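What follows is each chain in one-letter form.
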Amino acid sequence: MNNKDLAKNVLDLVGGEQNISGLTHCATRLRFVLKDDLKADLNALNQLEGVLKAQNSGGQVQIVIGAKVDAVYSEVKNLTSDQIGELTESTDRGPKKRRNPVNVVLETIAGIFTPVLPALVGCGMIKCLATVITAMGYLEGSGFLTIINMIGDCIFYFMPFFLAVSAANRFKTNPYLAVALAAGLMHPTILNAAAQIAETGVNSIDFLGLPILLMKYSSSVIPIILAVWIMSYVYPIVNRVIPKFLQVLLTPMIVLFIMIPVELIVLGPVGSYIGDWLTNGINSLFSTAGVLAGAILGFFKPIMVMFGMHYAIMPIQVQQVATLGATVLLPTALAANLAQAGAAFGVFVLTKSKTMKSAAASSGFTALFGITEPAIYGVTLKYKRPFFAGCIAGGLVGGFYSLVHTTANAISLPGLLAIGTYSSDRYMYVVIGCIAAVILGFVFTLLAGIKEDSDGSKSKQQATDKVNGNPASAATEVPSESAASLTTTSSDMLIVSPMTGEIKPISEVEDQAFAQELMGKGIAIVPTDGKVYAPFDGVVEALYRTKHAIGLKAANGVEILIHIGVDTVSLKGKYFTAHIEQGQAIKAGDLLVEFDPEGITSAGYNTITSIVVTNMQQYGDVLTTATNGPIRESEPLIKLIP
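Residues numbered from 1 in each chain as written. Predicted model: local features only at pLDDT ≥ 70, side-chain atom pairs only at ≥ 80, totals over all residues. Heavy atoms only, no water.

Enquirer: Mind showing me how you'd approach the packing of helix 15 (residues 354–368) against helix 16 (residues 373–383) here?
Expert: The angle between the axes and the distance between the axes are what describe a pair of packed helices. Contact geometry for helix 15 and helix 16: axes closest at 8 Å, N-to-C directions at 130°. The angle between the axes of helix 15 and helix 16 places the two elements in the oblique class. As helix 15 runs across helix 16, the sense of the crossing is left-handed. Listed contacts from helix 16 to Met356, Ala359, Ala360, Ser363, Thr366 and Ala367 of helix 15 are Pro374, Ala375, Gly378, Val379, Lys382 and Tyr383. (Axes fitted to C-alpha atoms, helices over the stretch in contact; angles between N-to-C directions. Helix = DSSP H or I, 4+ residues; strand = E, 2+ residues; numbered from the N terminus. Parallel < 35°, antiparallel > 145°, perpendicular 65-115°, else oblique. Left-handed = near helix turned anticlockwise from the far one by under 90°. Contact = heavy atoms within 4.5 Å.)

Enquirer: Explanation requested: the sheet that holds strand 18 (residues 591–595) in the structure shown.
Expert: The strands making up a sheet are joined through hydrogen bonds of the backbone, oriented either antiparallel or parallel. Across the sheet, which stays open at both edges, the three strands sit in the order 12-18-16 with antiparallel pairing between neighbours. Among the strands making up the open sheet, the edge pair consists of strand 12 (531–533) and strand 16 (576–578). Between one strand axis and the next, the sheet turns by 15° as a mean value, whatever way the strands run. By the bridge criterion, three bridges tie strand 12 to strand 18 in an arrangement that is antiparallel. Its bridge partner being in strand 18, Val532 is matched across the sheet by Val593. (Pairing = 2+ DSSP bridges.)

Enquirer: What exactly am I supposed to notice about the packing of helix 14 (residues 330–350) against helix 15 here?
Expert: Helix 15 packs onto helix 14 with a crossing angle of 160° between their chain directions and a minimal axis gap of 8 Å. The angle between helix 14 and helix 15 falls in the class roughly antiparallel. Where helix 14 crosses over helix 15, the handedness of that crossing is left-handed. Contact residues: helix 14 offers Asn337, Leu338, Ala341, Ala344, Phe345, Val347, Phe348 and Val349, while helix 15 offers Met356, Lys357, Ala360, Ala361, Ser363, Gly364, Phe365, Ala367 and Leu368. Here the contact of helix 14 with helix 15 is built from residues that sort into 13 nonpolar, three polar and one charged. (Nonpolar A, V, L, I, M, F, W, Y, C, P; charged D, E, K, R; others polar.)

Enquirer: Would you mind going over empty space enclosed by the protein with me for this structure?
Expert: Over the atoms rolls a probe the size of a water molecule, and its path tells where empty space is left. Per the stated rule, a full pass over the model turns up three cavities of 30 Å³ or more. Counted as a void, the largest cavity has a volume near 50 Å³. Within the lining of the largest cavity, the residues separate by chemical class into six nonpolar, four polar and one charged. (1 Å grid on protein atoms, 1.4 Å probe; cavity = no way out; pocket = protein on both sides within 12 Å on 5 of 7 lines; lining within 4 Å. Points joined across faces, edges and corners; volume = space filled by probe spheres on them.)

Enquirer: Sorry, what's going on with the environment of Ile586 here?
Expert: Residue position: Ile586 is located in strand 17 (residues 585–586). Residue classification places Ile586 among the buried residues on the basis of a relative accessible area of 3%. Ignoring sequence-local partners within four residues, the contact set of Ile586 consists of Ala534, Phe536, Asp537, Gly538, Val539, Val540, Leu552, Ile580 and Leu592. (Buried < 20%, exposed > 50% of the residue type's maximum accessible area, 1.4 Å probe, protein only.)

Enquirer: In this structure, what is going on with helix 17 (residues 385–403)? I would like to understand it.
Expert: Note: α-helices contain 3.6 residues per turn, so residues at a spacing of three or four share the same orientation. In a regular helix each residue adds 1.5 Å, so 19 residues correspond to 27 Å; helix 17 covers 27 Å between its end C-alpha atoms and thus fits that length. A positive backbone phi angle near 55° is found at His405, which sits one or two residues after helix 17. (Expected span 1.5 Å × (residues − 1).)

Enquirer: Mind showing me how you'd approach the packing of aromatic side chains here?
Expert: The description of an aromatic ring pair uses the distance of the two centres, along with the angle that the planes make with each other. In total, this model carries ten aromatic pairs according to the counting rule given. Plain terms: the ring middles of Phe299 and Phe300 are 5.0 Å apart, the flat faces sit at 75° to each other, and that makes the pair edge-to-face. An aromatic cluster is defined as three or more aromatic residues linked by ring pairs; in this entry it consists of Tyr157, Phe158 and Phe161. (Phe/Tyr/Trp six-rings, centres within 6.5 Å; stacked < 30°, edge-to-face > 60°.)

Enquirer: Explain the pairing of strand 4 (residues 60–64) here, please?
Expert: Consecutive side chains of a regular strand alternate in pointing toward one face of the sheet and then the other. Most of strand 4 is tucked away, with five of its five residues classed as buried. Burial along strand 4 is two-sided: the face carrying Gln60, Gln62 and Val64 and the face carrying Val61 and Ile63 are both buried. Of the pairings in the sheet, the one linking strand 2 (residues 29–34) to strand 4 comprises four bridges and is antiparallel in character. Bridging across to strand 4, Arg29 finds its partner in Val64.

Enquirer: What is the right way to look at the nonpolar core in this model?
Expert: Membership of the largest hydrophobic core comes to 72 residues, with the highest contact counts inside it found for Phe113, Leu120, Leu163 and Ile224. With ten residues, helix 14 is the largest single contributor of residues to this core. Discounting chain neighbours no more than four positions away, the residues touching Ile224 are Pro160, Leu163, Ala164, Ala178, Leu181, Ala182 and Leu185. Counting 39 residues, the second largest nonpolar core, distinct from the first, contains Leu6, Ala7, Val72 and Val509. (Core = buried A, V, L, I, M, F, W, Y, C linked by side-chain atoms within 4.5 Å.)

Enquirer: Which parts of the structure should I look at to understand a nonpolar patch on the surface?
Expert: Taken together, the side chains of Phe257, Ile258, Val262, Val266, Val270, Tyr273, Ile274, Trp277 and Leu278 define a hydrophobic patch exposed on the protein surface, amounting to about 820 Å² of accessible area. Tracing the chain through its elements places Tyr273 in helix 12 (residues 247–306). (Patch = residues over 30% accessible without salt bridge, like charges linked within 9 Å, V, L, I, M, F, W, Y side chains within 5 Å. Areas by Shrake-Rupley, 256 points an atom, 1.4 Å probe, with all protein chains shown as cover. Salt bridge = Lys/Arg side-chain N within 4 Å of Asp/Glu carboxyl O.)

Enquirer: Would you mind showing me how to read the side chain of Thr500 here?
Expert: Note on placement: Thr500 falls in the loop between strand 9 (493–496) and strand 10 (501–504). For Thr500, the side chain forms a polar contact with the main-chain nitrogen of Glu633, separated by 3.0 Å. If we ignore the near neighbours within four places in the chain, the residues touching Thr500 are Ile525, Val526, Pro527, Thr528, Asp529, Ile631, Arg632 and Glu633. (Polar contact = N/O pair within 3.5 Å; in protein donor to acceptor, adjacent residues only side chain to side chain.)

See below:
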């Protein structure tokens, strides 16, 4: 499925453009803020080709795409812009409803800081380069090094301007007036006077009898966010009071006349004190219980990533770097990321699946450079034990980093490319921690294995490819020639083939969502006719409008997805005829869909059909009758072992 088709399907499954009030994205996931979360079909999104994971977390519907998230995000923006105008990264949720305050806070933080991340990471990597050059003793005192340091520091010096824009988008208010508020905090009258307090003894300016405290806001985070938030309420009130023919002239003037004094007298000092309290509180925690605090953060960082909660500590990290020059939080994230990379490499060694080896190797290297979602969702969490092996390794190294007072002097992706921004009692400790995180994650995964073999009776083949009872467990293909080679017990469940054709391994499907078993475990069939029959009694859970994919649920609870062809969603239903409707009860042998294999092939599409068990977490194992050879409709295809 190409990026445009994926974007169209995602838009449809989140409830359409009219249900979207905000959209942004991070390194691996789309983040939707919806007017009605219930309209988002998370089950269908999780089954969509190209989607690694869909979840509702922190007040957002988060759709994990992976490396191509930026391209898919652009397609979503293009589609919505053509129809309803520009879709901003605002997170207004339309009609008000009672919401969890914690979700509100997390949603707000993510909505404000996610758009700023490219600048934060870019400047952080520049600071890493400057640190390396300085440490090597090259170009000391040169103009080149001066400019490099300037580039690395610019986002922190002008932080209020960056946050003003993203906060204005978040709170749906005028971004240019928000920038004007930032300019009020950054005006030389305030900054210069604040810098000269020691010389002049003057620490405030009188404004109509009210004191404006002279404070340095150049690296502040909270004051501008508070100011823009308050302005989002003040602006519409003023606009309603002013006659329409005078709004262009008077509304901006009155809003600024109110807001800039309010931010300088109240919001700025309050925000600065809050930021200082948070920063000093975290530092005090690490100074008194540093090892424990580092271990806890190192252990839970991957879990926070899963739920999108890692943005909750972003303001504290930024505030620490801005005010103290370094943060104690990023080293724990570095330990956690590298530990998940080691766990992914451990899966690479243990698994016998070629597709999983490929996924484990590639996502492991990605995690080394700071992006762990592919490793977490696609590999370690799939087998469960490696995920927690990585968490334990990350916790141990996080505690070690706290013990040796490791800090980071820039905000960057916590990975190997940024280790130049880290410092410790001895820099060698930073390197030792990196190596230890990878090795411990790797070794702990080898010790834990990628299976749960409680009775010792499972076969060696099963032991290498599955985790019993894991929600994202992998299943095992049995390379036997027929169903007769399978040992069947009275509790086993057998699924017959829904079509006639040639069996192929699922790994041969030219769609990574199926080939890497992200959609579920199963088998593929190259059809020799154009008919799909019901393999059991049950109900049609999903029938896609393009008729190329059918979700079925058996009376005994088994859920399967039959996906006809590769990228055939682009045919928009051409060559397909459905004989059933969504929600319809079916009997084994009922004709579900007819399609024209020759027509689909002539249109340039592959007809190979994927048949996967989507709720395999409910079963101890998912076995296939064969990996190659002919099969007829209603012959045994898949066996489920409770």
